Amino acid sequence: MALSAITPQFHLHQDLQNLNSHFPGIHSPNKTFTLSFKPQKPYLISSTLNPPQNSLNTTATTSIAPQNPTNSRLLQLCLSGNLEHALKHLASMQEAKIPVEEDCFVALIRLCENKRGYSEGEYVWKAVLSSLVSLLSVRLGNALLSMFVRFGDVGNAWSVFGRMGERDLFSWNVLVGGYAKAGFFDEALCLYHRILWAGIRPDVYTFPSVLRSCAGAMNLVRGREVHAHVVRFYFDMDVDVVNALITMYVKCADVVSARMLFDKMPTRDRISWNAMISGYFENDECLEGLELFFRMRELSIDPDLMTMTSVISACELLGDERLGRQLHSYVVRTACGGNISVYNSLIQMYLSLGHWKEAESAFSGMECRDVVSWTTMISGFVDNLLPEKALEIYKTMEITGTMPDEVTIASVLSACASLGQLDMGMKLHELAERTGHILYVVVANSLIDMYSKCKRIEKALEIFHQMPDKDVISWTSVINGLRINNRCFEALIFFRKMKLKSKPNSVTLISALSACARVGALMCGKEIHAHALKAGVGFDGFLPNAILDLYVRCGRMRTALNQFNLNEKDVGAWNILLTGYAQQGKEALVMELFKRMVESEINPDDVTFIALLCACSRSGMVTEGLEYFQRMKVKYHITPNLKHYACVVDLLGCAGKLNEAHEFIERMPMKPDPPIWGALLNACRIHQQVLLGEFAAQQIFKEDAESIGYYILLCNLYADSGKWDEVAEVRRTMKEKGLIVDPGCSWVEVKGKVHAFLSGENFHPQMQEINVVLEGFYEKMKTSDFNGQESSSMDGVETSKADIFCGHSERQAIAYSLINSPPGMPIWVTKNLYMCQSCHSTVKFISKRVRREISVRDTEQFHHFKDGLCSCGDEGYCERNDKKA
DNA sequence: AAGGGTGCCG
């Protein structure tokens, strides 16, 4: 039966009459008693009792010592704390149908409560129920109420409450407190008003629970009403009640009211100070909080553990490392020194300010550590981009025998994710399954992220589908996982599904936008852009730059520039634009834009120089590129990373300076990684330097024998040099290793819908028409002199050459949009692999025949085809861009 | 006799 069934639906004026008749001094000005009653959560009860109108002054049944020896024995067992025997004794008494006296039940219930024996308590409650003739006495009922509330079982507490013949204020207070603690704030407030209607005068124990409910519901209006009640009942001088009021105001974000109360207090205890100080911190008014903390010190009131933990975490918010160190030394000198929580917040403070060495020494100096200490270290190392150290700490934690909780597991998983440590991640998965921690949403979310980042997207999807409750982060993780596993199309399908169930946040939108940008889904991206603006998050965090990135990657530079002008022009925005122009092959614009960036006093960062180096590399501007590389180090004090070195190798190598590139690698201050050797291998392919290329490949396979891209490069190197036996050898190795070439995939957006074409698959409903159209073009190409220029490279060996890794899916995409879009409309295709020379020629031909602009964006750059020409320049294309597959 | 008020980890 629902709570509302026994909650009388009072009419407002009737309530007021009631109230006025009991407390003539109290009337109902303003909004004080305008209460709304929401439908209640259902609780099973088997009583239809209404609370008595006035249950004050009811006396508990006087307790009488047990009359018979069996009862005496039970009482004795209870008093000696032997729950197990007591329960056995109870069972035997029930079997023998010996009535159990109230005293025994009360003692037994208290014992259950003290021993935290929930199931035992429930058993006793059933025993009480079965022996119950009429209604529960106040004494027995209160004991049961107290026990169930302690166990957080408000359902049973309510059931007990309903079976009580009489109740005193204690009964009401316990129940209100139980609802408040269990998070049923509306129910607690409803009960509070029933206390008033019943004509009972609340006491100092009532208000803290009621105020906690107002705070929990973030209901300032109700909180103010209760404040008015406090004043009218003359409890506004009681320190505990006023402390609760301060806390209520603080949690409802009304710090000013809290402070007014605090200032008016005739006496304050430490809790008043703590509530007010931490209240300031919670409301981001750290300076005021610190000021109050110093006032407290001036008044020689010693801060306690709670004061210290909250002030220390305020240093974290303020970024005040100096004060943090002072507090640290204060903590060491005082009694707080041995406290785990205080130390935990110190460690957290150091870690969040990036001083992980201090955190480490504070941590190692701790006499004892709890799971929070360990977890703080682990997640702190993850945040400080030191996942290896996070795993080290976790391994030590395992040795010391501390059991990880759900937060620990989530943090360690995030370390595994950033390290790509699948083995460790799978061990944690097993652990989470075994301990039941997988039921926590955070744990499952971290697992999705870990599996995605370790390239096990199927596992990630499996976990996602098994989750009973998915939150925004679950959806975002799976969308992002699909995106980073090159399954952007599916990512967008999930995004659509998500919108029906859960509200995407700005992180979700960024991930979805990035997926759109990847597959060139402009309309879909625009929709998300509009959604973001409508939801009022369009300018949150990285979202403006994600939108900019969408337009740039879809090749809509004009729209991109508009967006750029709207955005706050941070380094990120400039970098996106620079990278975009570099991909469009507009080197001169890149240089110009960089000049303007510097003029507008934006400091370039490492990414900026990657864009610049790429632009130089693409246009063969070796001198300029090397100059930028120097400038980055000398003028901007940016230490080049592996990606910069790879860019320089590419720059030198593609320009034919292979030996210089090799020497450059040898001179590197760090160990070259596979992508750097890959750049050299690619250069060797362009300039047909088989020996050096083979050397580079050897270096790569020593470290990375699983990435398919390098095998394809090597294959192409051999193919371009006519070494067909070696090609076959490499392909055999690939097959042995089970490496599968990504199927070519092209996306085209027609009428706002993205269509994906997978090479080798023919399941598109219009596939027949598409093939007819393509056949037509091939026929015409044969008869025209258009294909003359590349006939030399297309004869005989064509199928064995680089083209085998293309998939040619872009042809289908183009044919599809020719059929389905109006004449003259430009066509935009996005591709997951590099466009092969044969496709390049075909598309050039098509663009001339149909007089349409066709843009194909492959993994490397944009090809804008118009009137039989491509923006990349045909020579340039053969040289540089028919290289990597 | 019991019940209430303050802090730390993703």
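Residues numbered from 1 in each chain as written. Chains lettered and ligands numbered in written order. Predicted model: local features only at pLDDT ≥ 70, side-chain atom pairs only at ≥ 80, totals over all residues. Heavy atoms only, no water.

By the naming in an unreviewed UniProt entry, chain A is pentatricopeptide repeat-containing protein, taken from Salix purpurea. Per UniProt, chain A has the following entry under Subcellular location (unreviewed entry): "Plastid, Chloroplast". Quoted straight from UniProt, the Sequence similarities (unreviewed entry) entry for chain A says "Belongs to the PPR family. PCMP-H subfamily." (UniProt positions renumbered as here; feature names shortened; annotations may be inferred.)

A few words on the protein's contact with DNA strand B. Near DNA strand B, the surroundings consist of 31 residues, among which R110, R212, D240, I271 and V442 are the closest. Across the atoms of DNA strand B situated within 4 Å of the protein, the share located in sugar and phosphate is 35%. In the model, a phosphate oxygen of DNA strand B is placed 2.6 Å from a nitrogen or oxygen of the K181 side chain. Secondary-structure elements contributing two or more residues to the surface near DNA strand B are α7 (138-150), α9 (169-182), α11 (206-216), α13 (239-251), α15 (270-282), α17 (305-318), α19 (340-352) and α21 (371-383). (Near = heavy atom within 4 Å. Polar contact = N/O pair within 3.5 Å; in protein donor to acceptor, adjacent residues only side chain to side chain. Helix = DSSP H or I, 4+ residues; strand = E, 2+ residues; numbered from the N terminus.)

Once that is clear, we can look at helix α12 (residues 220-232). Taking 1.5 Å as the rise per residue, α12 with 13 residues should run 18 Å; its terminal C-alpha atoms sit 18 Å apart, in good agreement. All of the buried residues along α12 are L220, R222, G223, E225, V226, H227, A228, H229 and V230. Residues of α12 that are buried sit in contact with α10 (185-197), α11, α13 and α14 (255-264). Here α12 starts with a cap whose side-chain oxygen sits 3.3 Å from the backbone nitrogen of V221, and that cap is N219. Once α12 finishes, Y234 follows within two positions and takes phi at roughly 60 degrees, a positive value. (Expected span 1.5 Å × (residues − 1). Buried < 20%, exposed > 50% of the residue type's maximum accessible area, 1.4 Å probe, protein only. Contact = heavy atoms within 4.5 Å.)

Next up on the list: the pairing of strand β3 (residues 827-831). Burial of β3 is extensive: 4 of the 5 residues sit out of reach of the surface. Here strand β1 (residues 745-750) runs beside β3; their pairing, made up of 3 bridges, is antiparallel. Bridging from a neighbouring strand, W747 pairs with T830 of β3. For β3 and strand β4 (residues 854-857), the ladder comprises 4 bridges, and the chain directions are parallel. The residue bridging W828 from the neighbouring strand is S855, located in β4. Between the parallel elements β3 and β4, the chain passes through helix α46 (residues 837-850) in a crossover that is right-handed. (Pairing = 2+ DSSP bridges. Right-handed = clockwise from strand over helix to strand, strands pointing away.)

Here M218, not a glycine, exhibits a phi torsion of approximately 55 degrees, which is positive. Within the fold, M218 resides in the loop between α11 and α12. Even without a glycine there, the phi angle at H637 is positive, about 50 degrees.

Our next topic: the pattern of salt bridges. Following the criterion strictly, the structure yields 25 salt bridges and no others. As a salt-bridge pair, R325 and E321 come within 2.3 Å of each other at their nearest N and O atoms. Residue R325 and its partner E321 are located together in helix α18 (residues 321-333), separated by 4 residues, close to a single helical turn. Classification of R325 as partly exposed rests on a relative accessible area of 32%. Judged by relative accessible area, E321 falls into the partly exposed class, the value being 28%. Ionic pairing is found between R553 and D549, a salt bridge with its closest N-O pair at 3.1 Å. Residue R553 and its partner D549 are located together in helix α31 (residues 543-553), separated by 4 residues, close to a single helical turn. For R553, a relative accessible area of 23% puts it in the partly exposed group. Note on D549: relative accessible area 17%, which makes it buried. (Salt bridge = Lys/Arg side-chain N within 4 Å of Asp/Glu carboxyl O.)

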